[in-house]
Amino acid sequence: MSFVEYEDTIKDGDTAIVFLGHESMFPVKVQHGTVTQTKYGVIRHSTDLIGKKYGSKVTCSKGGWVFILHPTPELWTMNLPHRTQILYSTDISIITMMLELKPGSIVCESGTGSGSLSHALIRTVAPTGHLYTVEFHQQRAEKARQEFREHGVEHLVTVTNQDVCKNGFGVSNIADAVFLDIPSPWEAIGHAKSALKAEGGRICSFSPCIEQVQRTCLAMEECGFTEINTLEILLRVYNVRTISLQIPDLGKAAEDNSSTDFDSSNTSNQGSPCTNLQPGTVQFKSGVPLREMVGHTGYLTFATKSLF
């Protein structure tokens, strides 16, 4: 099993996603002789998972069922164990695009954290690219190495445990892009410039506070970066629903015409699900934003290394 290469069959040692519903799923490590408890009953790995195809519908001991999905960076972001705050798909997508990443790209990242962005970067640069990720915290770095090994991507990533602000990324003049998600990114801008290729490259810094952004932009200017810009991504989800409204009274003549049109439309729509309409009303679809939405996550600051 690999996060960057799809396989059909579930094998012992794989990481799979148990899908109970769109709002309920979790990762599981498939192991011979192990069982997993769900609200629908027990899943026995030896008989229910190993040898089955990814995407299979598995019946649990209580009669309920779940789907077993192949892991992807998107699913991992939604289900990973949180060691730190993580980046979600909304920010990850714009980062990947603005850094101009593609298969074969070399990327430097700090810090690794829970590995949400790391998995997305690895899939983007595979099969010939590489990710150099630096994590200050030793236990988080070791856990990241273990996850990358279990997920079959260890050959595409190098994890280093050090302070990027003092010691840099451990590489020079090889990176196409650099990403910073640390408390004081302005202290690492010089090391980021050294890691980027001599012919230029892109850099992105993620910061939750605008004061961090200000200091980072000043450091980028001092180091000769150009095209500096900061943006914030806010995702607004709409709920599509069917609503009924009364036909307005526009006078007798208009009323006669609208009644004729309404009757003919009813005749043409016989057999449709809208059979409970009251006289003088019409149904249509409407999109309404949810009352609650994910707000501010952080500011993304992008820049380009100048050739001069």
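Above this note sits the structure.
All values derive from a computational prediction rather than experimental measurement. (Residues numbered from 1 in each chain as written. Predicted model: local features only at pLDDT ≥ 70, side-chain atom pairs only at ≥ 80, totals over all residues. Heavy atoms only, no water.)

(A) How the structure looks around the nonpolar core. By size, the foremost hydrophobic cluster in this structure holds 45 residues, and its most contacted members are Val66, Ile68 and Ile95. If you tally residues by element for this core, the top one is helix H4 (residues 116–125), at 5 residues. One finds Val164, Ala175, Val178 and Leu180 within the second-largest nonpolar core, a separate group that totals 21 residues. (Core = buried A, V, L, I, M, F, W, Y, C linked by side-chain atoms within 4.5 Å. Buried < 20%, exposed > 50% of the residue type's maximum accessible area, 1.4 Å probe, protein only. Helix = DSSP H or I, 4+ residues; strand = E, 2+ residues; numbered from the N terminus.)

(B) Highlighting the sheet that holds strand E11 (residues 202–207). The 7 strands are arranged E9-E8-E7-E10-E11-E15-E12 in an open sheet whose pairing can be described as mixed. Of all the strands in the sheet, the pair left with one neighbour each is strand E9 (157–161) and strand E12 (225–231). Strand-to-strand, the axes of this sheet are offset by a mean angle of 15 degrees, without reference to chain direction. Pairing between strand E10 (residues 177–180) and E11: 4 bridges, direction parallel. Bridging from a neighbouring strand, Phe179 pairs with Cys204 of E11. Packed on one face of the sheet, helix H5 (residues 138–150) meets strand E8 (130–135) and E9 and runs near 165 degrees to E9. (Pairing = 2+ DSSP bridges. Axes fitted to C-alpha atoms, helices over the stretch in contact; angles between N-to-C directions. Contact = heavy atoms within 4.5 Å.)

(C) Region of the structure containing the pairing of strand E4 (residues 41–44). Across 4 bridges, the pairing between strand E3 (residues 35–38) and E4 is antiparallel. Bridge pairing in E4 places Thr36 opposite Ile43. Between E3 and E4, which follow one another and run antiparallel, lie 2 residues.

(D) Geometry of the sheet that holds strand E2 (residues 24–29). Read across the open sheet, the 4 strands follow the order E2-E1-E6-E5; overall the sheet is antiparallel. The sheet is open, and its two edges are formed by E2 and strand E5 (57–59), each paired on a single side. Neighbouring strand axes in the sheet, compared pairwise and without regard to direction, differ in orientation by 35 degrees on average. Across 6 bridges, the pairing between strand E1 (residues 15–21) and E2 is antiparallel. The partner of Ala16 across the bridge, within E2, is Val28.

(E) Here's a closer look at the side chain of Ser116. Take Ser116: it is sitting in helix H4. Within the structure, the side chain of Ser116 is placed 3.0 Å from the side chain of Thr77, a separation counted as a polar contact. When residues no more than four places from it in sequence are discounted, the contact partners of Ser116 are Thr77, Leu80, Ile86, Leu87 and Ile92. (Polar contact = N/O pair within 3.5 Å; in protein donor to acceptor, adjacent residues only side chain to side chain.)

(F) Spatial organisation of the pattern of salt bridges. Scanning the model with the defined rule gives 7 salt bridges in all. Of the charged contacts in the structure, one is a salt bridge between Lys29 and Glu150, with a shortest N-O distance of 3.5 Å. Of the two residues, Lys29 is situated in strand E2 and Glu150 in helix H5; the sequence distance between them amounts to 121 residues. On the basis of relative accessibility, which here comes to 37%, the residue Lys29 falls in the partly exposed class. Residue Glu227 pairs with Arg202 through a salt bridge whose shortest N-O separation is 4.0 Å. Here Arg202 lies in strand E11 and Glu227 lies in strand E12, a separation of 25 residues in the sequence. A relative accessible area of 10% means that Arg202 is categorised as buried. (Salt bridge = Lys/Arg side-chain N within 4 Å of Asp/Glu carboxyl O.)

Any functional reading would require information that these geometric values do not contain.
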